[in-house]
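Letter by letter, the chains look like this.
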Amino acid sequence: MKWLAKHRFMILRRLVQITVILLYFGANAWGWTILEGNLGSSLLFKTIPLADPFALLQMSAAGALLGMDVLLGAAIITLFYALIGGRGFCGWICPVNIVTDVANGLRRILRINEIERRVIINRTIRYWILALSIALSAIFGVAAFEFISPIGMLNRGLIFGIGFGGAVIAGVFLFDLFGMKNGFCGHLCPLGGFYSLIGRFSLIRVKHNQERCTLCMKCTEICPEKPVLHMVGKRSEFVVQGECTNCGRCVEVCDDEALHFDIRLLARKS
Amino acid sequence: MSKEKLPPLSERRRFLLQALQGLGLATLGALTWSAYLDEASASSLYLRPPGALAEKDFLSHCIRCGLCVEACPYDTLKLARAGDNVPVGTPYFTARMIPCYMCKDIPCVPPCPSGALNESLVTKMAKDGKETLDITQAKMGVAVIDADQCIAFWGIQCDACYRACPLINEAIVIDASRNERTGKHAFMAPRVIGDVCTGCGMCEKACVTEKASIFVLPLAIAKGKAGSNYIKGWDEKDEKRLETQTGGGATTVTPVSDQKAVDYLNSEEF
């Protein structure tokens, strides 16, 4: 029971991640019509279009004049994460998150973190890769990141068959396990960078209560985007950086209820 | 031997060096990425679904959602996996495995959310101005015959491709000619009418030789181009082009061109 409580958000996230994939898979394999397509672009209940705004950005840079369905779909997704979900895509939807979370968990169990030498890759490198994606899309006339995206490969792979994409995912796993803590999702992934940017001002946020904090630092240990928890033990405030994936790991590992999900606007008024 | 101790880096120099390092690494990444993109988007020996834009535009428009693949009732369309040598995540088909069966209602085209599969490319306008989907407008590729290996060219009776063709006698015709070797048989050789062929690949699927001797290639590869300077004088419609032809207004001037044209056949002696 205690274990369940300590992993309540993780279990919920896995459920959401697997359900989304299952719905896509069912649409392809058995003709379900709840959620068709994949994370690139999909159709909800045969009517509501959804589309990946970052893919759209690259395609537009590549010079494509796109159809209404994807434009509307990308607008819906952008609005949802910008107003409500923040960078929630990374923690709650993206299938690569499962892979990198397993790598990170193994890291803790095997105590790999303790032998790690300092690797100097900055967390801002994802924004450079994001900029490069747009620039290369414009130069080559193709959506540059979509050609190499492990997210797309795994997502499509689970729905349509993966091929050598499995090797790419194994690469991401090994990189996160032996190469660098939170290497892919926390440093390299431009889609994560993109959602960090648009989710910056979202309503759902983690809030820290400094008075309850006993400085055990379990939250910063578990957090995949450690720098966003810089205020822990110092000030009572919201996690404001866009890089927070709203995964809720910090909330559930805290023994003192010093962290919780809150809605930014309402809390500010009160 | 005493080493002269260098003064610490100034703030300004540190900043410039860091900027240079970032720029250098970004360039390194960009070059590697560019090389891959160039390579991955260069090959084009695969067939796209009906109504697909020209390959270059198709690559910038396709969001890789797989809705066309899910709509295909014959499992003809596949979403490229890494290692398939097709830009990853884009739809394609292999005619020898499963050809396009040219569904009358073309279920794969309307679901495309981005316009990469374009209804206007498979739409026919009737005389009364009514537009209807028409799969025979599709140009997925064009069938090409290897006359050396096609057994009909050897004089063996086979019209498998001709019979399999959904546009029988329009896209594939049979040319009969006398077989001088036996003196009493005919060659019944298939010939593809390139302007009619949709590239569905049913002929390739039906071909009885060990490796298909009739196969579909993408238009960009299989088609030559005569150039606009050649005009069919015997074709009324083609000759109309003369009227709209603009030669750029260039007139070649040489010492000879100053003289009037001479009717040398009649006025001069040989």
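Computed from a predicted structure; not experimentally measured.

Definitions and cut-offs
Residue positions within a chain follow its written sequence, with the count starting from 1. Labels follow written order: the first chain is A, the first ligand is 1, and so on. Selection of residues for local features in this predicted model requires a pLDDT of at least 70, selection of side-chain atom pairs for listing and counting requires 80 or more, and totals for whole chains, interfaces and linings are taken over all residues. As a rule here, side-chain values cover all heavy atoms of the structure and leave hydrogens and water aside. The split into domains, and so the bounds of each, comes from an automatic or database assignment of domains. A contact between two residues is defined here by any heavy atoms of the two lying within 4.5 Å. A quick way to say it: buried area is the sum, across both parts, of accessible area lost when two parts are put together, with a 1.4 Å probe. Each salt bridge in this description consists of a side-chain nitrogen of Lys or Arg and a carboxyl oxygen of Asp or Glu lying within 4 Å of one another. By the convention used here, strands pair only if DSSP detects at least 2 bridges between them. Every helix listed is a DSSP run of H or I at least four residues long, and every strand listed is a run of E at least two residues long, numbered separately from the N terminus. Note on terminology: a nonpolar core comprises buried Ala, Val, Leu, Ile, Met, Phe, Trp, Tyr and Cys residues joined through side-chain atoms within 4.5 Å. Accessibility here uses a 1.4 Å probe with only protein chains present; expressed as a share of the type maximum, an area under 20% marks a residue as buried, one over 50% as exposed, and anything in between as partly exposed. For every element, the axis is a line fit to its C-alpha atoms; helices are fit only across the contacting stretch, and the angle between N-to-C directions ranges from 0 to 180 degrees. Just so you know the grouping, Ala, Val, Leu, Ile, Met, Phe, Trp, Tyr, Cys and Pro go in nonpolar, Asp, Glu, Lys and Arg go in charged, and all remaining residues, Gly too, go in polar. Note on patches: the residues involved have over 30% relative accessible area and no salt bridge, like charges join within 9 Å, and the nonpolar side chains Val, Leu, Ile, Met, Phe, Trp and Tyr join within 5 Å. Here the accessible surface of atoms and residues is derived via Shrake-Rupley with a 1.4 Å probe, and residues count as covered only by protein chains that are part of the display. Detection works on a 1 Å grid of protein atoms alone, calling trapped sets that fit a 1.4 Å probe cavities and calling open sets with protein on both sides within 12 Å along at least five of seven lines pockets, with lining residues defined by an atom within 4 Å of a point. Grid points are joined across faces, edges and corners, and a volume is the space filled by probe spheres set on the points.

Enquirer: Would you take a moment to explain the domain arrangement of chain A for this structure?
Expert: The figure often quoted for interface size is the accessible area lost as the parts come together. Residues and elements named next belong to chain A. Taken domain by domain, chain A consists of domain 1 (2–197) and domain 2 (203–269). The gap between the C-alpha centroids of domain 1 and domain 2 is 23 Å. Of the residues lining the interface, 26 residues belong to domain 1; the matching set on domain 2 comes to 24 residues. Looking at the side of domain 1 facing domain 2, the largest losses of area belong to Lys-6, Phe-9 and Arg-87, adding up to 29% of the total buried there. The tally of links between domain 1 and domain 2 comes to four salt bridges.

Enquirer: I would appreciate a short explanation of the pairing of strand β6 (residues 172–179) of chain B in the present structure.
Expert: Side-chain positions along a regular strand alternate between the two faces of the sheet. All names here are of chain B. Looking at chain direction, β6 and strand β7 (residues 185–192) are connected through eight bridges and run antiparallel. Residue pairing across strands places Asp-175 opposite Ala-189, the latter belonging to β7. Between β6 and β7, which pair antiparallel and follow one another directly, the connecting turn spans five residues, one of which, Gly-183, has a positive phi of 80°.

Enquirer: What am I meant to see in the nonpolar core here?
Expert: Across soluble globular proteins, you tend to see nonpolar side chains buried next to one another. Counting residues in hydrophobic clusters, the biggest one holds 99 residues, and the most contacted among them are Phe-89, Tyr-195, Leu-229 and Leu-259 of chain A together with Trp-33, Ile-172 and Ile-214 of chain B. Looking at which element gives the most residues to this core, the answer is helix α7 (residues 125–140) of chain A, with five residues. If sequence neighbours within four positions are ignored, Trp-33 of chain B has contacts with Ile-129, Leu-132, Ser-133, Leu-136, Ala-144, Phe-145 and Ile-148 of chain A. By size, the runner-up hydrophobic cluster in this structure holds 12 residues, among which are Ala-51 and Ala-74 of chain A together with Cys-65 and Leu-67 of chain B.

Enquirer: Would you mind going over the domain arrangement of chain B with me for this structure?
Expert: All names here are of chain B. On domain assignment, one finds that chain B holds domain 1 (34–138) and domain 2 (142–220). Measuring from the centre of the C-alpha atoms in domain 1 to the corresponding centre in domain 2 gives 25 Å. Counting residues at the interface gives 15 residues for domain 1 and 18 residues for domain 2.

Enquirer: Where do I start with the packing of helix α3 (residues 53–61) of chain A against α7 of chain A in this structure?
Expert: A pair of packed helices is characterised by two quantities: the angle between their axes and the separation of those axes. Residues and elements named next belong to chain A. Relative to each other, α3 and α7 sit at 35°, their axes nearing to 7 Å. Contact residues: Phe-54, Leu-57, Gln-58 and Ala-61 in α3; Leu-130, Ser-133, Ile-134, Ser-137 and Ala-138 in α7. In terms of residue class, the contact of α3 with α7 is built from six nonpolar, three polar and no charged.

Enquirer: Quick question: what am I supposed to make of the sheet that holds strand β2 (residues 41–44) of chain A here?
Expert: What links the strands of a sheet is backbone hydrogen bonding, and the strands pair in either a parallel or an antiparallel sense. Residue and element names in this part refer to chain A. On the basis of which strands lie adjacent, the open sheet formed by three strands has the order β1-β2-β3 and antiparallel pairing. The open sheet has two edge strands, β1 (35–37) and β3 (48–51), and neither has a second partner. Averaged over all pairs of adjacent strands, the angle between their axes in this sheet comes to 25°, without regard to strand direction. Strand direction decides the pairing type here: β1 and β2, joined by three bridges, are antiparallel. Within β2, the position partnered with Gly-37 by the bridge is Ser-42. Set on the sheet, helix α2 (residues 8–30) makes contact with β1 and β2; between it and β1 the angle comes to about 70°.

Enquirer: For this particular structure, what's the right way to read the pattern of salt bridges?
Expert: Close approach of charged atoms allows side chains with opposite charge to pair. All names here are of chain A. If you walk through the whole model with that rule in mind, you get 19 salt bridges over all chains. Arg-14 is the salt-bridge partner of Asp-101, the closest N and O atoms lying 2.7 Å from each other. Pair noted here: Asp-101 is in helix α6 (residues 96–110) and Arg-14 is in helix α2, with a separation of 87 residues, a long-range link. For Arg-14, a relative accessible area of 16% corresponds to the buried category.

Enquirer: Help me out: how do you make sense of a nonpolar patch on the surface in this one?
Expert: All names here are of chain A. On the surface, Leu-22, Trp-30, Trp-32, Ile-34, Phe-45, Ile-48, Met-68, Leu-71, Leu-72 and Ile-76 cluster together to form a nonpolar patch covering roughly 950 Å² of accessible area. Those elements that provide at least two residues to the nonpolar patch are α2 and α4 (68–85). Per element, the largest residue contribution to the nonpolar patch is four residues, and it comes from α4. The residue Trp-30 is located in helix α2 in this model. Looking at Trp-30, the relative accessible area reads 53%, which means it is exposed.

Enquirer: For this particular structure, what's the right way to read the layout of surface pockets?
Expert: The probe, sized like a water molecule, is rolled over the atoms to show the empty space still left. When its volume is computed, the largest pocket comes out at roughly 1,000 Å³. Contributing to the lining of the largest pocket are 30 residues, with Ile-121, Ile-125, Ile-129 and Leu-188 of chain A together with Leu-25 of chain B lying nearest its centre. Only α7, α9 (165–179) and α10 (183–188) of chain A together with α1 (11–40) of chain B provide two or more residues apiece to the lining of the largest pocket. Of all the elements, α1 of chain B adds the most residues to the lining of the largest pocket, at 11 residues. Residues belonging to the lining of the largest pocket are distributed by class as follows: 22 nonpolar, eight polar and no charged. If you add up the space inside the second largest pocket, you get close to 490 Å³. Around the second largest pocket, the lining is made up of 29 residues, and of these Tyr-24, Leu-39, Ile-77, Phe-89 and Ile-93 of chain A lie nearest the centre. Secondary-structure elements contributing two or more residues to the lining of the second largest pocket are α2, β2, β3, α4, α8 (150–160) and α11 (190–198) of chain A. Looking at the lining of the second largest pocket, its residues break down into 18 nonpolar, seven polar and four charged.

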